[in-house]
Amino acid sequence: MTDDTPPEDPAADGADSVALDPWGSSTIANYRSLFEEFGIEAFETMLPDVPSPHYLMRRAIIFGHRDYGRVVDAMRADEPFAALSGFMPTGDPHIGHKLVFDELIWHQEQGGDTYALIADLEAHSARGLSWDEIDEHAEDYLLSLLAFGFDPDDGTLYRQSEHREVQDLAFELGIEANFSELGAIYGFEGGTDVSHMQSVVTQVADILYPQLEEPKPTVIPVGPDQDPHMRLARDLASRMRYFGVTTAYASFEAKPEERTQLERAYEALAGNETVRCAEAADWLETAGDGAAIEGAIEKLRAAGEEPLRPRVRFLDRNATAAAFEALIEAVEGEKRVYDEHVDAFDMELANAEELARQVEVDHGGHGFIQPSSIYHRFMTGLTGGKMSSSIPASHISLLDEPSEGADKVREATTGGRETAAEQRELGGEPDKCPVYELYAYLLAGDDDEYAERVYAECAGGERLCGGCKNEAAEEMESFLETHQERREELRPVLEDLDVAINPDRI
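So, here's what we can say about the structure.

Cut-offs applied
Residues numbered from 1 in each chain as written. Predicted model: local features only at pLDDT ≥ 70, side-chain atom pairs only at ≥ 80, totals over all residues. Heavy atoms only, no water. Helix = DSSP H or I, 4+ residues; strand = E, 2+ residues; numbered from the N terminus. Buried < 20%, exposed > 50% of the residue type's maximum accessible area, 1.4 Å probe, protein only. Contact = heavy atoms within 4.5 Å. Expected span 1.5 Å × (residues − 1). Arc of directions from axis to C-beta. Pairing = 2+ DSSP bridges. Axes fitted to C-alpha atoms, helices over the stretch in contact; angles between N-to-C directions.

### Describing the side chain of His163
- Inspection of the secondary structure puts His163 in the loop between β5 (155-159) and α7 (164-176).
- We classify His163 as buried; its relative accessible area is 12%.
- Beyond its immediate chain neighbours, meaning those up to four positions away, His163 contacts Tyr158 and Tyr209.

### Comments concerning helix α19 (residues 448-459)
- Between its terminal C-alpha atoms α19 stretches 16 Å, which fits the 16 Å expected from 12 residues at 1.5 Å a residue.
- Of the residues making up α19, those classed as buried are Tyr450, Ala451, Val454 and Cys458. Taken end-on, α19 shows its buried residues confined to a sector of 100°, consistent with a single buried face. In α19, the exposed residues that point more than 90 degrees away from the buried face are Glu449 and Glu452.
- Where α19 is buried, its residues contact α17 (420-426), α18 (434-443) and α20 (465-496).
- Directly beyond the C-terminal end of α19, a positive phi value near 85° is found at Gly461.

### A closer look at the sheet that holds strand β4 (residues 113-118)
- Taking strand neighbours across the sheet as the criterion, the 7 strands line up as β1-β2-β11-β6-β3-β4-β5 in an open arrangement whose pairing is mixed. Bordering the open sheet on either side are β1 (41-42) and β5, each of which pairs with just one other strand.
- By the bridge criterion, 6 bridges tie strand β3 (residues 82-87) to β4 in an arrangement that is parallel. Each residue of the ladder has a partner; that of Gly86, found in β4, is Leu117.
- Each of β3, β4 and β5 touches helix α6 (residues 131-148); the most contacted strand, β5, lies at about 170° to it.
- Along the sheet, helix α10 (residues 227-239) makes contact with β2 (62-66), β6 (218-222) and β11 (372-376), crossing β11 at roughly 170°.

Written as structure tokens, this is what we have:
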């Protein structure tokens, strides 16, 4: 969520398909592997439903998502939704950060409650920056965000270190997390600073903060290296809930994979007047094998002649006694009440989830909706490797002198052939070209035809690298000049906002 610079570890060959580290292990060599390994879904299937999609979406620069459908549904129905992202101020903002700036601003333009934060606690604890360095960089990030179009009157800007509500929420979330879990996710060990671990639950508090006043679909635009934060945030959001809601088929508890087997048995036998658990066990014994089937059979045998019937189950996780009683009263139709759950036989799952959330909110809970996320590709460094703030030639800072930015483009690696003759004959390789990425990610802006023309001319051999780089360099120089002028125009606006740039410290 907070640092869009690809992490730096040149020794991490092959790690891309194995681990994601928010503080630095490897860039992502194969984005599609994330779909299988981490459950990230392809964004292309979502694109037709997105109203007026941003060019980053249209060009597949935003390539994946988690549960973004609920945000799109809210957007289309003109219902409340939110977007949040943070920036770890470890160096100058650069052109790679503009992706997240743009994603936040686009969601704000679509009507979302939009939040941008400075992750200064994380920068101090995880990266060891001094507060003076953090304050300087924080101002630069905020100025660039405003210059690109973030509306501070219609959005929220804050610093982690200055936001008491976020810190209080982080404390509560910390009750639901433990060291073993953080160690498994992030590789924390006995020598890990407590403040570093605390910064993780602060990140989750940031992610859930837009829902403190009311639960609403919330999207977090991130690079894929930040996905561990998203998975933890979704887990903790669920653990904070008063009630869990799921499907069930009998009074006993079943694992998800066992419920699948119960559903199979019920559907196969549903023509009978009443399906008994023992009867379902007999059917499953002839339907295959495996741990899930064996577990389901064992529980069905123990239930004996109990009817097997589909139902919605409300599980008491953290509910107060008053909230649990209110839920029992609110469930309409046939129901069964147990010590730690309620079974409802006449409710749809979606309606049950909404009822549980409303009862929770009415009785002092948050009712968090699991946060959604969208994932963008990293920009390749101008030198062909990673775009890293520690390698000046690899990136263009938004604070670079415009002429210096143009020079970096002219000196950039390309996807061209070794000779002009070979380029004309075989065409270039824009998919491997950092300069083409500048057009697609930044310089072409909303003009898809321009980006497509550059691509086609390169691939077809009409466009040679020297001329292409000169054209991009001129565009970059103009872009930086305009952006930096706008930053200076908005400096008085930032000074008037309720965001402490140089706060008093102990």
